[in-house]
Amino acid sequence: MAGELIEVELDDEPPGSTPRGRPRRPWSLRRWGGLAAVLAVLATAASAATATDSASRAGRGGLPGFTTDLSVPRHILWEISDEDVLGLAGGNVLLLSRTGTGVRAARLQDGSTAWRVDAGFCQPIGSTGTRDPATPQRVVCQDVTDPFGGPMHTQVVDAATGATLVTLPAGGGAALGDLWVDVEPDSPGGAGVTVSVWSLRDGKPRWSRHYDVDLSGGYGLSESALIVGEGSTAVAIDLTTGAVHPGASAGQTVATVEAPGGITITATWVDGSMRLSALDPTGATLWAKEDAFYVASGAEDPAARSVLVVEAMDTGELVALDAATGRELWRSSTGRMLVHVPGVVAVDGTPGRVLDDRTGQTLWVPSAGEHLVAVSDRELVLVRSVTDDELVVRDLRDGHAVVRYRVGGLNLTPPSDTRMLGGWGWNGAPVPGPDGTILLSDGIRTVVLGP
């Protein structure tokens, strides 16, 4: 997905398998890649201004990741217990069977089958330029068996219709914009890597080349390059041309967002660490901060970015910065950003807190047995109530309860593991869908709520 660093595992594993870890130095490129992926998928909501009546809230949402008016009661539209969620695509929910192969696209309103692929290890991939992980445009299925006896292949299908878009050779790989990138290390004892690139538009190969590079520092994908190694020995392989550039000296931009006042915020990987920079409309640098990374939420109101809530890479703290000056406003030792609109930021934790985004002052804390989640309509926010087995809608600014949704006995206890719901949400953490729907899973059952 454009704007994110995609970690490429040295082990060749099918999608959905449990990654095999290995010792790593603090804040290596690979470790940062994992952090960015976790934070980017976790922060999927935003909200708040002043409380208004229900009629004036009818036009809320309208930004990626926001749901429609949460004050409208939701009920269970349908539920499943024998499939896992991969993602959302238009009016479909992408589902994976418990066998781990194939994918079924279920219509969001009733769960009926829109299309299916019966073989291969499948996962959704985003289209060029999208930052919203809840709206994949394509699905890639690796190692699909040809029903007519041909060789296995990788099949890319339209996530909304199921139509085959392109067919690629079988094997591993990762999507980056409109490119499919396959990185094959030499056999044990080898001293390099073979990189092959295909177009996701027409399935044709772009180029394939072997490089004699040191893989001991790991490797990952930025916006337009494969970065191999760390620090002064790092190199960047341009995925468009295959050209090799010094990766550490030039730096690799891994995220770019716009802030109010024409300010551009960039996150760059330089010399084995992250650098956050702010540029004015002419391209001049306003300020720069080392070892900090800003994770853009797909649901974040861009108007809220006059205050940047960033991650301190050395301590893991949340730090709020003035976007125009880089001045630190406050910092928090716990939590990740869940919801951010002008004036208000909600962070997770047990149970989480809602803060004034410029002062860091606590505005309210959920009641006992409740936990904030990243679903909002920009004025109200959803709270998971373990005690009452329901979802509570609260005003984002003062925390008063507005309405409650029953979830049919779904286990709402926060998960003790880190297994993700469809690669972009957490078990037990509701995910907003189109037309006011909300997807919720406890790892055993999945329900879809709707107005």
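Now for a quick tour of the structure.

### So, the pattern of salt bridges
Phase 1: Evaluation of the coordinates by the stated rule reveals 14 salt bridges.
Phase 2: Taking the shortest distance from any N to any O, the salt bridge between Arg331 and Glu317 comes out at 2.4 Å. Linking Arg331 in strand 26 (residues 328-332) with Glu317 in the loop between strand 24 (307-312) and strand 25 (318-322), this pair joins segments that are 14 residues apart in sequence.
Phase 3: Given a relative accessible area of 39%, Arg331 falls into the partly exposed group.
Phase 4: Exposure remark for Glu317: the relative accessible area of 16% places this residue in the buried category.

### Things to note about the packing of aromatic side chains
Phase 1: Using the criterion set out here, one finds zero aromatic pairs in the structure.
Phase 2: In this structure, Arg209 packs its charged tip against the face of Trp207, placed 5.5 Å from the ring centre.

### A closer look at the pairing of strand 3 (residues 83-89)
Phase 1: A large share of strand 3 lies buried, amounting to six of its seven residues.
Phase 2: Examined bridge by bridge, strand 3 and strand 4 (residues 92-97) share six bridges and lie antiparallel to one another. Paired with Asp84 across the two strands is Leu96, which belongs to strand 4.

### As for the sheet that holds strand 5 (residues 103-107)
Phase 1: Strand order in the open sheet made by the four strands is 3-4-5-6, with antiparallel pairing throughout. Each end of this open sheet is capped by a strand with a single partner; those strands are strand 3 and strand 6 (113-117). For this sheet, the mean inter-axis angle between neighbouring strands, taken without regard to orientation, is 25°.

### Considerations on the state of the cysteines
Phase 1: Tallying each qualifying case throughout the model produces one disulfide.
Phase 2: Bridging Cys122 to Cys141, the disulfide has an S-S length of 2.1 Å. Because the torsion about its S-S bond is 110°, the bridge between Cys122 and Cys141 counts as right-handed. Here Cys122 is found in strand 7 (residues 121-125), whereas its partner Cys141 is found in strand 8 (residues 138-144), with 19 residues between them in sequence.

### Concerning the sheet that holds strand 13 (residues 193-199)
Within a beta sheet, neighbouring strands are joined by backbone hydrogen bonds and run either parallel or antiparallel to one another.
Phase 1: Taken in spatial order, the four strands line up as 11-12-13-14 in an open sheet, and their pairing is antiparallel. With one partner strand each, in any of the chains shown, strand 11 (174-176) and strand 14 (205-211) form the two edges of the open sheet. Neighbour to neighbour, the strand axes of the sheet diverge by 20° on average, direction disregarded.
Phase 2: Two strands pair when backbone bridges link them, and strand 12 (residues 179-185) and strand 13 are joined in this way by seven bridges, in the antiparallel orientation. Each residue of the ladder has a partner; that of Pro185, found in strand 13, is Val193.

What counts, and at which threshold
- Residues numbered from 1 in each chain as written.
- Predicted model: local features only at pLDDT ≥ 70, side-chain atom pairs only at ≥ 80, totals over all residues.
- Heavy atoms only, no water.
- Salt bridge = Lys/Arg side-chain N within 4 Å of Asp/Glu carboxyl O.
- Helix = DSSP H or I, 4+ residues; strand = E, 2+ residues; numbered from the N terminus.
- Buried < 20%, exposed > 50% of the residue type's maximum accessible area, 1.4 Å probe, protein only.
- Phe/Tyr/Trp six-rings, centres within 6.5 Å; stacked < 30°, edge-to-face > 60°.
- Lys NZ or Arg CZ within 6 Å of the ring centre and 35° of its normal.
- Pairing = 2+ DSSP bridges.
- Axes fitted to C-alpha atoms, helices over the stretch in contact; angles between N-to-C directions.
- Disulfide = S-S within 2.5 Å.

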